[in-house]
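Structural overview
Take a look at the letters that make up each chain.
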Amino acid sequence: MISFTELLTASDTELVKIFYKVNSDPSQDFIKNINSVAAQLELNHSQLVCSIGFNKNIRDLTDIMTVLGFKSYKVMIYRRNELFTTDSYQQLGIDNILDIYAERLEDKEILETLRELLRPRLEHIEAEIEKTGDPGQTISYRMEIHSIYQSGIADKAFAEERILKDIGKYRHMASELNEIISAEILPPSNFFFMESISPDEKKELIEQKHISPDMVKNRLQNAKISEEERDMLEAFV
């Protein structure tokens, strides 16, 4: 009946028209009521709550929140954040996530909230990939990381936090350093001499001509680098 994107971007007038036609019973079980409303719109529970929750026009439309069974905007936002951070492309497909990121600059509050939610969301997805090894999740994860940087959601603080974490496997999986460089958040030279950056990531930087031969030789003079990194670097001398 209505797409996730249409609900996410609907004006206040359009939202009222959409929910005027919906049948709901807020007195019944909270989850069942939302599921019932979602089914009428041909969406699932998470799609409904997140498309409405990230719509910048919903804050003052208390009647719609009542239809969904939420007592306040704050309660709805709590549920939205919970669903957004714990979904790994099961109920919210990658297209839904990219739509949310595409709308982020329209509202400063939503932008700041997304920046806060990215950390727990990505940690959850990385744990799921580690557990399942699902290729579909991996592809979606790469697309999400790309969008986070290219859309302007990720700032310098976010990038610095990511490169200091022991997640080289996931950064490399998503070519995250390249995304940081392309977004002009940090220069490649910052990464090359960091202990938290894996040999695989540094190899990719060298292969893509971000690192000069002199920088490789300079790094090799550090007696404390790992044997794995040394072997990799020596192949480029």
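None of these values were measured; they are calculated from a predicted model.

For the chain, the helix and strand inventory stands at 16 helices and 0 strands. Its C-alpha atoms put the chain at 70 × 35 × 25 Å along the principal axes. For the chain, the proportion of its 237 residues judged to be buried stands at 50%. Of the contacts made within the chain by residues no fewer than 6 positions apart, 66% connect residues no fewer than 24 positions apart. Total accessible area on the chain stands at roughly 12100 Å², and carbon and sulfur atoms take up 49% of it. Here the chain carries 28 positive and 42 negative side-chain charges, and the mean point of each set is 2 Å from the other.

Locating Leu205 in the fold gives a position in helix 14 (residues 199-207). Residue classification places Leu205 among the buried positions, given a relative accessible area of 1%. Between the alpha carbons of Leu205 and Asn178 there is a distance of 8.0 Å; along the sequence they are 27 residues apart.

On to the environment of Leu83, then. Of note, Leu83 is situated in helix 6 (residues 73-86). For the pair formed by Leu83 and Gln47, sequence separation is 36 residues and the distance between their alpha carbons is 9.2 Å. Setting aside residues no more than four positions away along its own chain, Leu83 makes contact with His45, Ser46, Val49, Cys50 and Leu92.

Below, the discussion takes up the pattern of salt bridges. For the coordinates displayed, the defined rule picks out 15 salt bridges. For Glu82, the salt bridge identified is with Arg79, shortest N-O distance 2.8 Å. Taken as a pair, Glu82 and Arg79 lie in helix 6 at a separation of 3 residues, close to a single helical turn. Exposure remark for Glu82: the relative accessible area of 34% places this residue in the partly exposed category. By relative accessible area, Arg79 is classed as buried at 16%. When the shortest N-O distance is used, the salt bridge between Glu128 and Lys131 registers 3.1 Å. Taken together, the residues span about one helical turn, with Glu128 and Lys131 both in helix 8 (residues 108-132) at a distance of 3 residues. Overlapping salt bridges bring together Glu195, Lys202, Arg219 and Glu229 as one network.

Bringing the side chain of Lys202 into the picture now. With respect to the helices, strands and loops of the structure, Lys202 is situated in helix 14. Only 3.0 Å separates the side chain of Lys202 from the side chain of Glu229, close enough to count as a polar contact. Excluding residues within four positions of it along the chain, Lys202 makes contact with Phe191, Phe192, Met194, Ile197, Arg219, Glu229 and Met232.

The next point concerns the nonpolar core. The biggest cluster of nonpolar side chains holds 76 residues, and the ones touching the most others in it are Leu7, Phe19, Leu41, Leu48, Phe84 and Tyr141. It is helix 8 that provides the largest number of residues to this core, a total of 8 residues. Setting aside residues up to four positions removed in sequence, Phe84 forms contacts with Cys50, Phe54, Leu92, Ile97, Ile100, Tyr101, Leu114, Leu117 and Arg121.

Now for helix 8. Taking 1.5 Å as the rise per residue, helix 8 with 25 residues should run 36 Å; its terminal C-alpha atoms sit 35 Å apart, in good agreement. The sharpest bend along helix 8 measures roughly 35° and falls at Leu118, with the proline Pro120 sitting one to four residues further on. Taking the backbone nitrogen of Glu109 as reference, a side-chain oxygen 3.0 Å away marks Asp107 as the first, capping residue of helix 8. Immediately downstream of helix 8, the backbone of Gly133 shows phi near 65°, a positive value.

Our focus in this paragraph is the environment of Glu160. Along the chain, the position of Glu160 falls in helix 10 (residues 156-164). It is 9.3 Å that separates the C-alpha atoms of Glu160 and Ile185, two residues lying 25 residues apart in sequence.

What counts and what doesn't
- Residues numbered from 1 in each chain as written.
- Predicted model: local features only at pLDDT ≥ 70, side-chain atom pairs only at ≥ 80, totals over all residues.
- Heavy atoms only, no water.
- Helix = DSSP H or I, 4+ residues; strand = E, 2+ residues; numbered from the N terminus.
- Buried < 20%, exposed > 50% of the residue type's maximum accessible area, 1.4 Å probe, protein only.
- Contact = heavy atoms within 4.5 Å.
- Areas by Shrake-Rupley, 256 points an atom, 1.4 Å probe, with all protein chains shown as cover.
- Lys, Arg positive; Asp, Glu negative; His and termini not counted.
- Charge placed at Lys NZ, Arg CZ, Asp CG, Glu CD.
- Salt bridge = Lys/Arg side-chain N within 4 Å of Asp/Glu carboxyl O.
- Polar contact = N/O pair within 3.5 Å; in protein donor to acceptor, adjacent residues only side chain to side chain.
- Core = buried A, V, L, I, M, F, W, Y, C linked by side-chain atoms within 4.5 Å.
- Expected span 1.5 Å × (residues − 1).
- Bend = angle between axes of the 7 residues up to and from the residue.

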